[in-house]
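Descriptive structure summary
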Amino acid sequence: MNSKREPVFVWSRNVRLFHWVNVISITLLIAVGLIIFNAKSLGVSTDGKILLKTIHVYLGYVFAINLIFRLIIGFIGKAHERWSKVLPFNKGFSKELIDFKQHKQAVYKGHNPAGKLMVFALLSLMFVQMISGLVIAGTDIYYPPFGKYFAQSIAIDKQNIEAIQPYSKVNIDEKAYTEMRAIRSPFITAHVYAFYGLLFLIPLHILGVIIAERREKTALVSAMVTGYKYLPKEHSEK
């Protein structure tokens, strides 16, 4: 970095931890999800599908816990952990966005206005994925937090819900099962469309980071590892 810039601490350990756990968990979820989605054409057996869905659910738990952690620190955290610094709802954001469009070489301590919009869009889709995924896990392979509830709702013998297993009709009331699948249907739709949305936005996010780094030259990528961005010494808080 040149002598006209100085390292400024921006991203806390909490933010960096969330970011990289999120990157890894989403990458793995997409990979396993695509295999499940194409299981029939890939010749995956029923036992294989159950195993893949189990792995997908456990990865989903990591993703969900990490996202909930980020949602919480957005309210109780410090500095650029807080939603007021990250999301496009702060006072004066409209003016900030107009200024950004007119002065694209401007340097920002945190996210620039386009980055804030992207963060909001990604978090919204991730939240939809989390909620819909937990419901699907409960209706598909009867995993927590909703699995026991759904298993009881379709059981013939309510005292023997352990007999209810994925892809098995043992102890299942067919009418209740059909009703349960109808409840599950909109969550499947939401999960699929949010998945497509993430597939669309993630490359845009990466492209946006590359463009912002070329314009601002603040070590944007390494900042999510070290926490430090390199800003002009005369920079003002943005």
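Residues numbered from 1 in each chain as written. Predicted model: local features only at pLDDT ≥ 70, side-chain atom pairs only at ≥ 80, totals over all residues. Heavy atoms only, no water.

A word on the nonpolar core
- Judged by nonpolar contacts, the single largest core of 25 residues is most densely connected at F63, L67, L87, L122, L123, M126 and M130.
- Looking at this core, the elements that each hand over two or more residues are α1 (13–37), α3 (46–76), α4 (83–86), α6 (113–140) and α8 (174–216).
- A per-element tally of this core places α6 first, with eight residues.
- Core analysis: the second largest hydrophobic core is formed by twelve residues, A151, I154, I172 and Y177 among them. (Core = buried A, V, L, I, M, F, W, Y, C linked by side-chain atoms within 4.5 Å. Buried < 20%, exposed > 50% of the residue type's maximum accessible area, 1.4 Å probe, protein only. Helix = DSSP H or I, 4+ residues; strand = E, 2+ residues; numbered from the N terminus.)

So, the packing of aromatic side chains
- Counted under the stated rule, the structure contains nine aromatic pairs.
- Here Y58 and Y143 contribute two aromatic rings whose centre-to-centre distance is 5.8 Å and whose plane-to-plane angle is 90°, an arrangement assigned as edge-to-face. Taken together, the residues Y58 in helix α3 and Y143 in the loop between α6 and α7 (147–154) connect sequence positions 85 residues apart.
- Owing to a relative accessible area of 47%, Y58 belongs among the partly exposed residues under this scheme.
- Y143 sits in the partly exposed class, given a relative accessible area of 22%.
- Their ring planes at 65° and their centres at 6.1 Å tell us that F100 and Y108 sit as a pair that is edge-to-face. (Phe/Tyr/Trp six-rings, centres within 6.5 Å; stacked < 30°, edge-to-face > 60°.)

Quick word on the pattern of salt bridges
- Scanning all chains against the criterion turns up three salt bridges.
- Ionic pairing is found between D140 and K53, a salt bridge with its closest N-O pair at 2.9 Å. One end of the pair, D140, is in helix α6; the other, K53, is in helix α3, with 87 residues separating them in the sequence.
- In this structure, the salt-bridge partner of E96 is K116, at a minimum N-O distance of 3.3 Å. On the criterion of sequence distance, the pair formed by E96 in helix α5 (residues 93–102) and K116 in helix α6 is long-range, its members being 20 residues apart. (Salt bridge = Lys/Arg side-chain N within 4 Å of Asp/Glu carboxyl O.)

With respect to the packing of α1 against α3
- Remark: α1 packs on α3, axes separated minimally by 9 Å, with the N-to-C direction vectors making an angle of 155°. With respect to their mutual orientation, α1 and α3 come out roughly antiparallel. Viewed along their axes, α1 and α3 form a crossing whose handedness is left-handed.
- Of the residues that constitute the contact of α1 with α3, the class distribution is 18 nonpolar, seven polar and two charged. (Axes fitted to C-alpha atoms, helices over the stretch in contact; angles between N-to-C directions. Parallel < 35°, antiparallel > 145°, perpendicular 65-115°, else oblique. Left-handed = near helix turned anticlockwise from the far one by under 90°. Nonpolar A, V, L, I, M, F, W, Y, C, P; charged D, E, K, R; others polar.)

Purely geometric numbers; function is a separate question.
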